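Understanding the architecture of this molecule
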Amino acid sequence: MRDGSVRDGGSTGKGTTREPVSRREWIALGIALALALAIRLVYLSQIRDHPLFSSLLGDPAAYHDRAMAILDGSLVPDHAFFHSSPLYPFFLALVARVAGPGLHAVRVVQSLVGCVSVFLLWVLGRMTVGKRAALVAAFLGAVYVPFVFFDGETLEITLVIAFALGMLIQLLLATERTSVGRAAAAGALLGLAALGKPNLLLFAPVGAGWLLLATLPKSRHKPGRYRDPAATRRAVATVAFLVACAAVISPATIHNLRSEGDLIPVSSNAGINLFIGNNPNAPGIFNVPPEMRFDLRVASKAVAERAVGRELSAREVSDFWTGQARRFVRERPGAWLRLTARKFALFWNGYEVPNHYDIYFVGRFAPVLKIPVGTFAVVAPLGLVGIALALARRRRMGLLVAFAVTFMLSVLPFFITGRYRLAIVPVLLLGAGYAVVAIVEAASRRDWVWLARAGLAVAGLAVLVNVSVVEIGFSQMHNRVGAILGERGDIEGAVREFEAALTVNARDLSARYNLGVGLSELGRHAEAAEHFRLATREHPRYHEAWIGLGKALAHEGAIDEARRAWERVLALDPPRGPAAEVDSLLGAWPASEAGM
């Protein structure tokens, strides 16, 4: 075995699905699952009392509000689905119905789902990389820090990973005997995963192609005038896969069609997300102008309608932003290619780009997130080497590689975050498991040449993965903690957090604005006005900052200047909310009071 192949499961990987599980293997798997659950419960205990995890912001807040509306009888919103996961609020509603509306119960349930994913990873590993490599992958999955972290977030990714793993298992089982039922189950699971991450629909034609072609060599019928039963069964299984996937996402599609008359398969945020990832100022990560951060659906619609000059449907808004992204690609192809290369580097970088909460910030008060082996920086180099070793000898790895490549290609056109790439990690974990077993076997037979080559490959990839591409400080996290403290009424604590955010990043406009609001609430209006001014200088279209500046000036007695600030907002043609607030303020502070 000078090539480093793993003895476990045979060189072709055939028969691993039916090989009985030994008592020792069950015990090892039980230890892995117990470890997974213990780590997740320890993590939940470490974060439970922190302000960040006592309330919700951003997408988690939107999902939670939708779940509460579902419990109140409003099963769907009065507009097309915008946020990526129409399914997740129903999961939250179910947990709230059973365990109450608290946040801790959801995190516990998701931690259990995370443990189920570790089990599914083991099952998939036995089918592809052998039983010993599968166990190594299960242990790595149990301690993989981003899995633990996102199991504790009020976000859909934990469910998506479980559905995706189940889908891959069913696809492999379907190809064993061209099972129509298994193919349909795989399609349904892909549909469920796509209701969490719509970009996974890109895998539908790939999975269908796999079903159609994977069993082709098994057919002994030659083309002729007689019908090939095996080919017919393959075709039926392929159709069943696609129909089941379409059937599962159809409730979202039908709702979108009924609510706005638009054919939107899952959600309508593809266009704005495409623009966020492809514009002259795009850094490859999530970055939108401040005036669009308060509610991306409402703001993106308002900006698009202002540009077009009429009211737009959800599909038309998405098409508008898609057109803006295409314009950037068309007019600046060189910049777009450089940006795409940067996103590719970010996708494969060891740094976990934050989108909601920063895993490194949370690690400051949740030490369990500092497990050194449970990181992308470790798993990706080992996984890529293991995939390369296994792919030539294990036919079934082909499906996993196809899934991983398709998933990566579905993410790159948008923007990169640690959460958005998470669905590729199970494939890397299986590759890492194979690599570890191969390395141990090579060491046991003292194959130093092979070990040197493998070590150089892992080390080279580790260097590439750990090159610094971007590092986002903790400004956003201090800002979010401040916002939560402000909601609790701890204004002085909130101000300290906003000041800490600006110490990290003096150009954080959101923290600058929030600091102005906090200072105003403390009666320090002159200081607040200065921060609002700095925010408007940095971004002249920042509606909320102009409004805040006017309020601070009015309380300082500068009524005319305050009115000019508010009138500036109206000149920017703001969304309805800021416009209505300005109208109210202008009425409350008439010009005749300017000299008072």
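Quantities reported herein were computed from a predicted structural model and do not represent experimental measurements.

**Focus on the overall build of the protein chain**
Looking only at helices and strands, one finds 26 helices and zero strands in the protein chain. Relative to its length of 596 residues, the protein chain is compact, with a C-alpha radius of gyration of 27 Å against a globular reference of 25 Å. Dimensions of the protein chain along its principal axes, counting C-alpha atoms only, are 95 × 55 × 55 Å. The buried share among the 596 residues of the protein chain stands at 54%.

**Notes on the pattern of salt bridges**
This structure, assessed with the given rule, holds 16 salt bridges. One salt bridge in this structure joins Arg-40 and Asp-151, with 2.7 Å as the shortest N-O distance. One end of the pair, Arg-40, is in helix H1 (residues 23–47); the other, Asp-151, is in helix H6 (residues 145–151), with 111 residues separating them in the sequence. Considered together, Arg-40 and Asp-151 belong to a single accessibility category, that of buried residues. Note that Glu-561 is salt-bridged to Arg-533, the shortest N-O span being 3.2 Å. Remark: Arg-533 occurs in helix H23 (residues 525–538) and Glu-561 occurs in helix H25 (residues 559–571); sequence separation between them is 28 residues. On the accessibility criterion, Glu-561 (32% relative accessible area) is partly exposed.

**Overview of H25**
Look at H25: 18 Å from first C-alpha to last across 13 residues, which is about the 18 Å you get at 1.5 Å a residue. Among all positions in H25, only Ile-559, Ala-562, Arg-563, Ala-565, Trp-566 and Val-569 are buried. The buried residues of H25 occupy one face: seen down the axis, they fall within an arc of 155°. Structural note: H25 exposes Arg-564 and Ala-571 on the side pointing more than 90 degrees away from its buried face. Taken together, the buried residues of H25 touch helix H24 (543–555) and helix H26 (576–588). Looking one or two residues past H25, Asp-573 carries a phi angle of roughly 55°, positive in sign.

**Considering helix H8 (residues 180–194)**
The terminal C-alpha atoms of H8, which comprises 15 residues, lie 21 Å apart, in line with the 21 Å expected from a rise of 1.5 Å per residue. Looking at H8, one finds that the buried residues are Ala-183, Ala-186, Gly-187, Leu-190, Gly-191, Ala-193 and Ala-194. The buried residues of H8 occupy one face: seen down the axis, they fall within an arc of 160°. The residue sitting at the N-terminus of H8 and contributing the capping side-chain oxygen is Ser-179; that oxygen lies 3.1 Å from the backbone nitrogen of Arg-182.

**Section: a nonpolar patch on the surface**
Taken together, the side chains of Leu-75, Val-76 and Phe-90 define a hydrophobic patch exposed on the protein surface, amounting to about 240 Å² of accessible area. Following the sequence through the fold, Val-76 ends up in the loop between helix H2 (58–71) and helix H3 (88–99). For Val-76, a relative accessible area of 37% translates into the label partly exposed.

**With respect to the packing of helix H7 (residues 157–177) against H8**
At a minimum axis distance of 8 Å, the contact between H7 and H8 shows a crossing angle of 160°. When the interaxial angle is binned, H7 and H8 end up roughly antiparallel. As for the relative orientation of H7 and H8, their crossing is left-handed in sense. On the side of H7, the interface is formed by Val-160, Phe-163, Ala-164, Gly-166, Met-167, Gln-170, Leu-171, Leu-173 and Ala-174, while H8 contributes Arg-182, Ala-183, Ala-185, Ala-186, Leu-189, Leu-190, Leu-192 and Ala-193. A per-class count over the contact of H7 with H8 returns 14 nonpolar, two polar and one charged.

Analysis parameters
Residues numbered from 1 in each chain as written. Predicted model: local features only at pLDDT ≥ 70, side-chain atom pairs only at ≥ 80, totals over all residues. Heavy atoms only, no water. Helix = DSSP H or I, 4+ residues; strand = E, 2+ residues; numbered from the N terminus. Rg over C-alpha atoms; globule rule 2.2 N^0.38 Å. Buried < 20%, exposed > 50% of the residue type's maximum accessible area, 1.4 Å probe, protein only. Salt bridge = Lys/Arg side-chain N within 4 Å of Asp/Glu carboxyl O. Expected span 1.5 Å × (residues − 1). Arc of directions from axis to C-beta. Contact = heavy atoms within 4.5 Å. Polar contact = N/O pair within 3.5 Å; in protein donor to acceptor, adjacent residues only side chain to side chain. Patch = residues over 30% accessible without salt bridge, like charges linked within 9 Å, V, L, I, M, F, W, Y side chains within 5 Å. Areas by Shrake-Rupley, 256 points an atom, 1.4 Å probe, with all protein chains shown as cover. Axes fitted to C-alpha atoms, helices over the stretch in contact; angles between N-to-C directions. Parallel < 35°, antiparallel > 145°, perpendicular 65-115°, else oblique. Left-handed = near helix turned anticlockwise from the far one by under 90°. Nonpolar A, V, L, I, M, F, W, Y, C, P; charged D, E, K, R; others polar.

Note that every value here comes from positions in space, so none of it alone points to a role or purpose.
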